[in-house]
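Residues per chain are reported as follows:
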Amino acid sequence: MVRNPAVAGQFYPGEREVLSLEIEGLTDRVKAKKEDAIGMVLPHAGYIYSGVVAGAVLASVNPKSTYIIMGPNHTGLGSPFSLCASDSWRTPLGDVKINGELTEKLLKDCDLLRKDELAHIHEHSIEVQLPFLQKLQGEFTFVPIVISVSDIKTYRHIGECMAKSIKELKMDKIVAIIASSDMTHYESQESAKEKDSKAIEAILNLDEKMLVQRVQELDISMCGFAPAAIMISAVKNLGAKKARLVKYQTSGDVSQDRSSVVGYAGIIIN
């Protein structure tokens, strides 16, 4: 079963050649020395707004053969923590296979995860990451997981189970975990940057509890804080020691309308 693209032609170009050229334009200028990444935070807005942030991160890391990509549940459909039942996902650049072995291991090790296609049908937060990876490295497999809001105990449990699955399959050298998240939504540039700096600080400290607390206490409308919290928990169990902010900007930096913006952060953890 193939999961067809839901937002091709909306969040990113729907034509193969146009999409390929756009990604080239967003990544070719990145001259950073490539580094290994255990985890990443990437934005998931339309490429015109957040593509330069995603491109700056993905062009700065060494390719992995498998990715776990977690995104928030924007639609409200499906199980709270939904693995995809498809065999592959299609984008204008071709098909990407689901890693069945890792999927089944995650289902076995984590009692909260369920196979549920419904959560994935219209969700864009995972889909928009795939063309970048396809263009930059070609072949890879992945495991998509849609994550709903819960509590810190749940996030840590899923993260610990995720690390356990990866280690027991001896995949810790070939897997990277991506948390797909935009930052503050529809506030002024000044407000967004102030709030986002607090959430980013927690991520850079590899402190998932601090992240969740700050999102709640400061009312930060970071849509993917739950995937980010799970990712932090997992990568620490996989040996991650440090994180760095690669790039931050807002939609206002593109549109020049800074009265109501969305923030985008790109972070590498290793």
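See the structure shown above.
To start, this report covers the structure provided alongside it. (Residues numbered from 1 in each chain as written. Predicted model: local features only at pLDDT ≥ 70, side-chain atom pairs only at ≥ 80, totals over all residues. Heavy atoms only, no water.)

1. Overview of helix α5 (residues 152–168)
Owing to its 3.6 residues per turn, the α-helix aligns residues three or four sequence positions apart on the same side. Here α5 spans 24 Å end to end across 17 residues, near enough to the 24 Å set by a 1.5 Å rise per residue. Taken as a whole, α5 has its buried residues at Thr-154, Tyr-155, Ile-158, Gly-159, Cys-161, Met-162, Ala-163, Ser-165 and Ile-166. (Helix = DSSP H or I, 4+ residues; strand = E, 2+ residues; numbered from the N terminus. Expected span 1.5 Å × (residues − 1). Buried < 20%, exposed > 50% of the residue type's maximum accessible area, 1.4 Å probe, protein only.)

2. So, the nonpolar core
Counting residues in each nonpolar core, the largest one holds 48 residues, and the members touching the most others are Ile-68, Ile-145, Met-162, Ile-177 and Met-222. With nine residues, the single largest contributor to this core is helix α8 (residues 225–237). Setting aside anything within four residues of it in sequence, one finds Ile-145 in contact with Ile-68, Ile-69, Met-70, Gly-71, Ser-82, Leu-83, Leu-106, Leu-113, His-120, Ile-126 and Met-162. Within the second largest apolar cluster, 32 residues are counted, among which are Val-7, Tyr-47, Val-57 and Ile-98. (Core = buried A, V, L, I, M, F, W, Y, C linked by side-chain atoms within 4.5 Å. Contact = heavy atoms within 4.5 Å.)

3. Examining the packing of helix α2 (residues 47–58) against helix α4 (residues 130–137)
Running from N to C, α2 and α4 point in directions that differ by 45°, and their axes come no closer than 11 Å. Classified by the angle between their axes, α2 and α4 sit oblique to one another. Handedness of the crossing formed by α2 with α4: right-handed. For the pair formed by α2 and α4, the contact residues are Tyr-47, Gly-51, Ala-54, Gly-55 and Leu-58 on the first element and Pro-131, Phe-132, Leu-133 and Leu-136 on the second. (Axes fitted to C-alpha atoms, helices over the stretch in contact; angles between N-to-C directions. Parallel < 35°, antiparallel > 145°, perpendicular 65-115°, else oblique. Left-handed = near helix turned anticlockwise from the far one by under 90°.)

4. Digging into the side chain of Ser-165
Among the structural elements, Ser-165 can be located in helix α5. Ignoring anything within four residues of it in the chain, the contact list for Ser-165 reads Leu-102, Lys-105, Leu-106 and Asp-109.

5. As for a nonpolar patch on the surface
A grouping of Ile-48, Tyr-49 and Val-254 is seen on the molecular surface, where their side chains present a nonpolar patch of about 270 Å² in accessible area. Relative to the elements of secondary structure, Val-254 occurs in helix α9 (residues 252–255). Residue Val-254 is classed as partly exposed on the basis of its relative accessible area of 33%. (Patch = residues over 30% accessible without salt bridge, like charges linked within 9 Å, V, L, I, M, F, W, Y side chains within 5 Å. Areas by Shrake-Rupley, 256 points an atom, 1.4 Å probe, with all protein chains shown as cover. Salt bridge = Lys/Arg side-chain N within 4 Å of Asp/Glu carboxyl O.)

6. Overview of the pattern of salt bridges
For the structure shown, the criterion picks out 14 salt bridges. Among the salt bridges present, the one from Asp-109 reaches Lys-105, with a minimum N-O distance of 3.4 Å. Of this pair, Asp-109 and Lys-105 both sit in helix α3 (residues 100–109), four residues apart, roughly one helical turn. In this structure Lys-105 comes out as buried when scored by relative accessible area, which is 14%. Residues Glu-187 and Lys-195 are paired through a salt bridge, measuring 3.1 Å at the closest nitrogen-oxygen approach.

7. Details of the packing of α3 against α5
Direction vectors running N to C along α3 and α5 enclose 130°, while the axes themselves pass 9 Å from each other. Our classification of the angle between α3 and α5 gives oblique. Regarding α3 and α5, the two cross each other, and that crossing is right-handed. Residues Leu-102, Lys-105, Leu-106 and Asp-109 of α3 form the contact with α5, whose own contacting residues are Cys-161, Met-162, Lys-164, Ser-165, Ile-166 and Glu-168.

8. Re the state of the cysteines
Counting across every chain of the model gives zero disulfides. Between Cys-110, a cysteine without a disulfide, and Cys-161, which holds the nearest cysteine sulfur, the sulfur-to-sulfur distance is 4.1 Å. Among the cysteines around Cys-223, which has no disulfide bond, Cys-84 carries the closest sulfur, lying 19 Å off. (Disulfide = S-S within 2.5 Å.)

9. Some remarks on the pairing of strand β12 (residues 261–269)
The side chains of a regular strand alternate, residue by residue, between the two faces of the sheet. With nine of its nine residues buried, β12 lies for the most part within the structure. Burial along β12 is two-sided: the residues Val-261, Gly-263, Ala-265, Ile-267 and Ile-269 and Val-262, Tyr-264, Gly-266 and Ile-268 are all buried. Where strand β2 (residues 39–42) meets β12, three bridges bridge the pair, whose relative direction is antiparallel. By the bridge assignment, Met-40 is partnered in β12 with Ile-268. Sheet topology note: the strand β10 (residues 185–187)/β12 ladder contains two bridges and is antiparallel. Paired with Glu-187 across the strands is Val-261, a residue of β12. Looking at chain direction, strand β11 (residues 243–250) and β12 are connected through seven bridges and run antiparallel. In the sheet register, Ala-243 faces β12, and the bridge partner there is Ile-269. (Pairing = 2+ DSSP bridges.)

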